[in-house]
Amino acid sequence: MSQKATLWLASSLLLIDLLAILYGVFMRYIAGGAPIWTDELARYLIIASVLLAAGAVWVEGGHMRVALIERLLPSGLCRMLNVYQWLLTLSLAIGGAVVSYRYAMSVSMFTSSGLGISRTIPMLSVPVGFALLAWQALLYGPAPLKTLAEEVE
């Protein structure tokens, strides 16, 4: 459930990002001058969409990884490797959420040049993304990660 919701949210942000970029291109090359906020909004939206989708992509096995070692190890060692990967992912995601939340709060006195909003607002997508990765990894458990298999015709 949370995977689909975060993928829909990330996809929506990506669509808004595309629209902002197209608006900026139209304004710059056809209308004669693009507002500065389009570039800034595009940067913030792409970061937010990637971070929000990270957990769901990790669970679905859609991220880049090489599962060669898992195929070569005996089942007992493979199970230990899966637990290690899961614990490492949880630790890094929780650590990333805590550190990035502290950073996002520390930049609250600064405003963005194009949008004129507190830098904390767009920066909060980083700890939220890490927290969602931790949540989805926790729900997935230390099971073997899925791999995307190529079909050979």
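Structural notes, computed from the coordinates. Model, not experiment: these values are computed from the prediction. (Residues numbered from 1 in each chain as written. Predicted model: local features only at pLDDT ≥ 70, side-chain atom pairs only at ≥ 80, totals over all residues. Heavy atoms only, no water.)

## Description of the overall build of the protein chain
Working step 1: The number of helices and strands found in the protein chain is six helices and zero strands.
Working step 2: Helices and strands appear in the protein chain in the N-to-C order α-α-α-α-α-α.
Working step 3: For 153 residues, the compact-globule estimate of 2.2 N^0.38 gives 15 Å, and the C-alpha radius of gyration of the protein chain, at 19 Å, exceeds that figure by more than 25%.
Working step 4: The principal-axis extent of the C-alpha atoms belonging to the protein chain is close to 65 × 45 × 25 Å.
Working step 5: Within the protein chain, the proportion of its 153 residues that are buried is 33%.
Working step 6: Long-range contacts, defined here as pairs at least 24 residues apart, represent 70% of the contacts in the protein chain between residues at least 6 apart. (Helix = DSSP H or I, 4+ residues; strand = E, 2+ residues; numbered from the N terminus. Rg over C-alpha atoms; globule rule 2.2 N^0.38 Å. Buried < 20%, exposed > 50% of the residue type's maximum accessible area, 1.4 Å probe, protein only. Contact = heavy atoms within 4.5 Å.)

## What about the side chain of Thr38?
Working step 1: Checked against the element boundaries, Thr38 lands in helix H2 (residues 37–60).
Working step 2: Residues in contact with Thr38, not counting those within four places in the same chain, are Ala20, Tyr23 and Gly24.

## Section: the packing of helix H4 (residues 75–106) against helix H6 (residues 125–140)
Working step 1: Interhelical geometry of H4 versus H6 gives an angle of 155° and a closest axis separation of 8 Å. In terms of their interaxial angle, H4 and H6 are classed as roughly antiparallel. In this structure, H4 crosses over H6, and the sense of that crossing is left-handed. Judged by residue contacts, Trp86, Thr89, Leu90, Ala93, Ile94, Gly96, Ala97, Ser100 and Tyr101 of H4 engage Val126, Pro127, Phe130, Ala131, Leu133, Ala134, Ala137 and Leu138 from H6.
Working step 2: Along the lines of polarity and charge, the residues of the contact of H4 with H6 split into 14 nonpolar, three polar and no charged. (Axes fitted to C-alpha atoms, helices over the stretch in contact; angles between N-to-C directions. Parallel < 35°, antiparallel > 145°, perpendicular 65-115°, else oblique. Left-handed = near helix turned anticlockwise from the far one by under 90°. Nonpolar A, V, L, I, M, F, W, Y, C, P; charged D, E, K, R; others polar.)

## Looking at a nonpolar patch on the surface
Working step 1: A cluster of nonpolar residues, Ile21, Val25, Phe26, Tyr29 and Ile30, forms a patch on the protein surface that exposes about 540 Å² of accessible area.
Working step 2: Within the secondary structure, Ile30 is located in helix H1 (residues 2–31).
Working step 3: Relative accessible area serves as the criterion here: at 63%, Ile30 is assigned to the exposed category. (Patch = residues over 30% accessible without salt bridge, like charges linked within 9 Å, V, L, I, M, F, W, Y side chains within 5 Å. Areas by Shrake-Rupley, 256 points an atom, 1.4 Å probe, with all protein chains shown as cover. Salt bridge = Lys/Arg side-chain N within 4 Å of Asp/Glu carboxyl O.)

## Considering the packing of aromatic side chains
Working step 1: If you walk through the whole model with that rule in mind, you get two aromatic pairs.
Working step 2: Relative to Trp37, the ring of Tyr23 has its centre 5.8 Å away and its plane inclined at 25°; by these criteria the two rings are stacked. One end of the pair, Tyr23, is in helix H1; the other, Trp37, is in helix H2, and 14 residues separate them in sequence.
Working step 3: On the basis of relative accessible area, Trp37 is assigned to the partly exposed category, the value being 32%.
Working step 4: Relative to Tyr140, the ring of Trp58 has its centre 5.7 Å away and its plane inclined at 75°; by these criteria the two rings are edge-to-face. Residue Trp58 is located in helix H2, and its partner Tyr140 is located in helix H6; the two are separated by 82 residues in the primary sequence. (Phe/Tyr/Trp six-rings, centres within 6.5 Å; stacked < 30°, edge-to-face > 60°.)

## Some remarks on the environment of Tyr101
Working step 1: The topology assignment puts Tyr101 in helix H4.
Working step 2: Separated by 22 residues in sequence, Tyr101 and Met123 place their C-alpha atoms 8.2 Å apart.
Working step 3: Setting aside residues up to four positions removed in sequence, Tyr101 forms contacts with Leu124 and Pro127.

## Description of the nonpolar core
Working step 1: Within the largest apolar cluster, nine residues are counted, these being Trp58, Val59, Trp86, Leu90, Ala93, Leu133, Ala134, Ala137 and Leu145.
Working step 2: Those elements that provide at least two residues to this core are H2, H4 and H6.
Working step 3: Residue contacts for Ala134: discarding those within four places in its chain leaves Leu90, Ala93 and Ile94.
Working step 4: Of all hydrophobic cores here, the second largest spans six residues; its members include Ala10, Leu13, Leu52 and Ala53. (Core = buried A, V, L, I, M, F, W, Y, C linked by side-chain atoms within 4.5 Å.)

All we've got here are geometric facts, nothing functional implied.
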